[in-house]
Amino acid sequence: MAAKPSLHVILAGPRGFCAGVDRAIKIVEEALKRHGAPVYVRHEIVHNRFVVEALERQGAVFVEELDEIPDDGQPVVFSAHGVPKSIPAEAQRRQMFFLDATCPLVSKVHREAEHHFSRQRHIFLIGHAGHPEVIGTMGQLPEGAVTLVEDEAQAMRVTPPPGASLAFITQTTLSVDDTAGIVRALQSRFPDIAAPAKEDICYATTNRQAAVKEIAPQVDMMIVVGAPNSSNSVRLVEVAGRAGCGKAVMVQRGRELDLAAVEGVSRIGITAGASAPEVLVEEVIERLREGYDLTIQEIVVAEEKITFKLPAALATA
């Protein structure tokens, strides 16, 4: 039997689950333990089908809107991406028992938006139209209070209300480099625009992009384990390409990886978006083992020790 060709794998560190995703999943699991099935979850708790299906097997029922949920007294969980204020208001009106799994770093952006609004500033939100986090953030304030800015071209032509004081906030899962360009464009046009006290792009997004930038020039191919509707995962593919990796692909599961795409590659990088569990990275490694003799190295650019507490309704014994 012919020997398998050798392949050097560089794992990006950090990769995979962040503290906000970890907390959101634990909220659903803990609610199921305490209250039994079903536990309803509005929208995917995090953008990963593997995670969603695992929770479904435990008794979670995923819905898009509250009107799909019967009045049976069972818990309702709001996803890690955050929701418009109208959603908890509707849940309260229906006397639902709801648990908010919004990532605390997204909640921080919501509070910033309210702070700027209370000071009568018009807000530019840097983010992607239609993303649940953007819908949730814009939904903290009355219509017209926030203008979405998606790219530098928009930043150069966006028109604020006449005479308005201005501020900007950002989605937490954006490309660090793209966002910096948009911010520069806004600040060049509006020198007095108020900025976040601390950057809105979350530590996990920043660290995962930094690890990819470090590894990308050293490999022939980068595999991002993640979902196509996960903003931070899509950004990792883009960052790898810009950082000098000739081929960057996303897969959701190990079985999706076409080994033919790896032919001729001697060094490969692997990372995972913030909503992808490590077991999926292991699947990709096992898939590569089917065709290659692997040596594995890890490059770690940051240590993450952040954890977030569960909501009070679940934290008490």
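All of the points below concern the structure found in this document. Sequence order as written defines the numbering, with residues in each chain counted from 1. Reporting in this predicted model follows two pLDDT cut-offs: at least 70 for local features of residues, and 80 or more for side-chain atom pairs to be given and counted; totals over whole chains, interfaces and linings ignore these cut-offs and use all residues. As a convention, hydrogens and water are excluded, and side-chain values are obtained from all of the structure's heavy atoms.

Quick look at the sheet that holds strand β10 (residues 248-251)
Here we have 5 strands laid out as an open sheet, ordered β10-β9-β11-β1-β12, and parallel in their pairing. Bordering the open sheet on either side are β10 and β12 (293-300), each of which pairs with just one other strand. Looking at each pair of strands side by side, their axes are set apart by 25 degrees on average, direction ignored. For this analysis, residues touch if any pair of their heavy atoms sits within 4.5 Å. Here an angle of 0 to 180 degrees is reported between the N-to-C directions of two axes, which are lines fitted to C-alpha atoms, with helices fitted over the stretch in contact. Strands are runs of DSSP state E lasting at least 2 residues, helices are runs of H or I lasting at least 4, and numbering of each runs from the N terminus. Here helix α9 (residues 231-242) sits on the sheet and contacts β9 (221-225), β10 and β11 (267-272); the angle it forms with β10, its principal contact strand, is near 160 degrees. Strands β1 (6-13), β9, β10, β11 and β12 of the sheet are contacted by helix α10 (residues 278-289), whose axis makes an angle of about 160 degrees with β11. Two strands are said to pair when DSSP picks up at least two bridges between them.

Focus: helix α4 (residues 104-118)
Here the expected length of a helix is defined as 1.5 Å per residue gap, with one fewer gap than residues. For α4, which comprises 15 residues, the first-to-last C-alpha distance of 21 Å matches the rise-based estimate of 21 Å (1.5 Å per residue) to within 8%. For the exposure calls, accessible area comes from a 1.4 Å probe over protein chains only, and a residue counts as buried if that area is under 20% of its type's maximum, exposed if over 50%, partly exposed in between. Taken residue by residue, α4 has L105, V106, V109, H110, E112, A113 and H116 as its buried positions. End-on view of α4: buried residues confined to an arc of 160 degrees, all on one side of the axis. Each element contacted by the buried residues of α4 is listed here: β6 (121-126), α5 (132-138), β8 (165-170) and α8 (203-215). Each C-beta atom gives one direction from the helix axis, and the arc is the one those directions make.

Describing the nonpolar core
Here is a general trend for soluble globular proteins: nonpolar side chains tend to be buried in one another's company. Buried Ala, Val, Leu, Ile, Met, Phe, Trp, Tyr and Cys residues that are joined via side-chain atoms within 4.5 Å together make up what is termed a nonpolar core. In terms of nonpolar packing, the biggest core is built from 30 residues, with V28, V41, I45, V46, L55, F62 and V77 touching the most fellow members. If you list the elements that add at least two residues to this core, you get α1 (19-35), β2 (39-42), α2 (49-58), β3 (60-63), α4 and α8. Sorting elements by how many residues they give to this core places α1 first, with 8 residues. Beyond its immediate stretch of four places on either side in the chain, V41 contacts V28, A60, V61, F62, V63 and V77. Counting 22 residues, the second-largest nonpolar core is a separate cluster that includes V262, V284, L288 and Y292.

Notes on the pairing of β1
Counting buried residues along β1, 7 of its 8 residues qualify, which places the element largely inside the surrounding structure. Bridge count for β1 against β12 is 8 bridges, and the pairing is parallel. Among the inter-strand pairings, S6 is bridged to a residue of β12, identified as D293.

Remarks on the sheet that holds β2
Pairing within the open sheet is parallel, and its 4 strands lie in the order β3-β2-β4-β5. Lying at the two open borders of the sheet, with one neighbouring strand each, are β3 and β5 (98-100). Across the sheet, the mean angle from the axis of one strand to that of its neighbour is 25 degrees, orientation sign disregarded. Lying on the sheet, α1 is in contact with β2, β3, β4 (76-78) and β5; it crosses β5 at an angle near 160 degrees.

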